[in-house]
Amino acid sequence: MKARVKWVEERTFVGESASGHKLVLGTAFGPEGKTPGPSPMELVLIGTGGCSAYDVVHILEKGREAVEDCVVELDADRAEANPKVFTRIHMHFVVKGRALSHDKVKRAIELSIEKYCSASAMMAKTAVITHDFEVIETAK
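Scoring rules and cut-offs
- Residues numbered from 1 in each chain as written.
- Predicted model: local features only at pLDDT ≥ 70, side-chain atom pairs only at ≥ 80, totals over all residues.
- Heavy atoms only, no water.
- Pairing = 2+ DSSP bridges.
- Helix = DSSP H or I, 4+ residues; strand = E, 2+ residues; numbered from the N terminus.
- Expected span 1.5 Å × (residues − 1).
- Buried < 20%, exposed > 50% of the residue type's maximum accessible area, 1.4 Å probe, protein only.
- Contact = heavy atoms within 4.5 Å.
- Core = buried A, V, L, I, M, F, W, Y, C linked by side-chain atoms within 4.5 Å.
- Salt bridge = Lys/Arg side-chain N within 4 Å of Asp/Glu carboxyl O.
- Axes fitted to C-alpha atoms, helices over the stretch in contact; angles between N-to-C directions.

Asker: Lay out the pairing of strand E3 (residues 22-26) in plain terms, naming residues and giving numbers.
Answerer: As defined by bridge partners, strand E2 (residues 12-17) adjoins E3 across 5 bridges and the pair is classed as antiparallel. By the bridge assignment, Glu 16 is partnered in E3 with Lys 22. Two successive antiparallel strands, E2 and E3, enclose a turn made up of 4 residues, where Gly 20 displays a positive phi of approximately 95°.

Asker: Lay out helix H2 (residues 102-116) in plain terms, naming residues and giving numbers.
Answerer: Counted at 1.5 Å a residue, the expected span for H2 with its 15 residues is 21 Å, and the 20 Å between its end C-alpha atoms agrees. When we look at burial in H2, the residues that qualify are Val 105, Ala 108, Ile 109, Leu 111, Ser 112 and Ile 113. Buried residues in H2 make contact with helix H1 (40-62), strand E5 (86-98), helix H3 (118-123) and strand E6 (128-137).

Asker: Now, about the nonpolar core: what can you tell me, with residues and values included?
Answerer: Counting 21 residues, the largest nonpolar core has Ile 89, Phe 93 and Val 95 as the members making the most contacts within it. Those elements that provide at least two residues to this core are H1, strand E4 (66-78), E5, H2 and E6. Element by element, the count of residues in this core is highest for E5, at 5 residues. Not counting residues within four places of it along the chain, the set of residues in contact with Phe 93 comprises Ser 52, Val 56, Cys 70, Val 71, Val 72, Ile 109, Ile 113, His 131, Asp 132, Phe 133 and Glu 134.

Asker: I'd like a rundown of the pattern of salt bridges, residues and numbers included.
Answerer: What the rule picks out here adds up to 4 salt bridges. Here Glu 68 and Arg 98 are joined by a salt bridge, their closest N and O atoms 2.3 Å apart. Here Glu 68, found in strand E4, pairs with Arg 98, found in strand E5; they are 30 residues apart in sequence, far enough to count as distant. The class of Glu 68 is partly exposed, set by a relative accessible area of 41%. Linking Arg 88 and Asp 75 is a salt bridge whose minimum nitrogen-to-oxygen distance equals 2.6 Å. Remark: Asp 75 occurs in strand E4 and Arg 88 occurs in strand E5; sequence separation between them is 13 residues. Assessed through its relative accessible area of 44%, Asp 75 is described here as partly exposed. What emerges from the salt-bridge pattern is a single network uniting Asp 75, Asp 77 and Arg 88.

Asker: Tell me what's going on with the sheet that holds E5, and back it up with residues and numbers.
Answerer: With mixed pairing, the 3 strands of this open sheet are ordered in space as E4-E5-E6. Edge positions in the sheet fall to E4 and E6, since each of these pairs with one other strand and no more. In this sheet, adjacent strand axes meet at a mean angle of 15° when their direction is disregarded. Where E5 and E6 come together, 10 bridges link them in parallel fashion. Counterpart to Lys 96 in the pairing with E6 is Ile 136. Packed onto the sheet, H1 meets E4 and E5 and runs at close to 150° relative to E4.

This is a description of form; function is not addressed.
Okay, here's the thing in structure tokens:
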């Protein structure tokens, strides 16, 4: 896997993936505290949620569950001292679909966090990762 990050100005950078996708990232600067994009650590947290959400949807679809939406709300703490690694990450999954099995949703989330999600595995080296979920029934 390859990627490239280029400094643009002040605290603004553009990251580009090997697949050609670009995104602006940076931290607050200037008198207004302007933020050009998410910080690198926000992207790490978002990536962790994205990795797990991808797994959950994939597992549920393979199990022939009628999943229609999956949202992961993340709440995290970081260490006070450098390096300011994540020390706690809580993942709240909101899974919507038709006649979803509560047990299958629970199992899909557990499999993702404990077995398949590479980002969760890396974050678990420094952070306590917890999770909960809710299943929302949609109209048939």
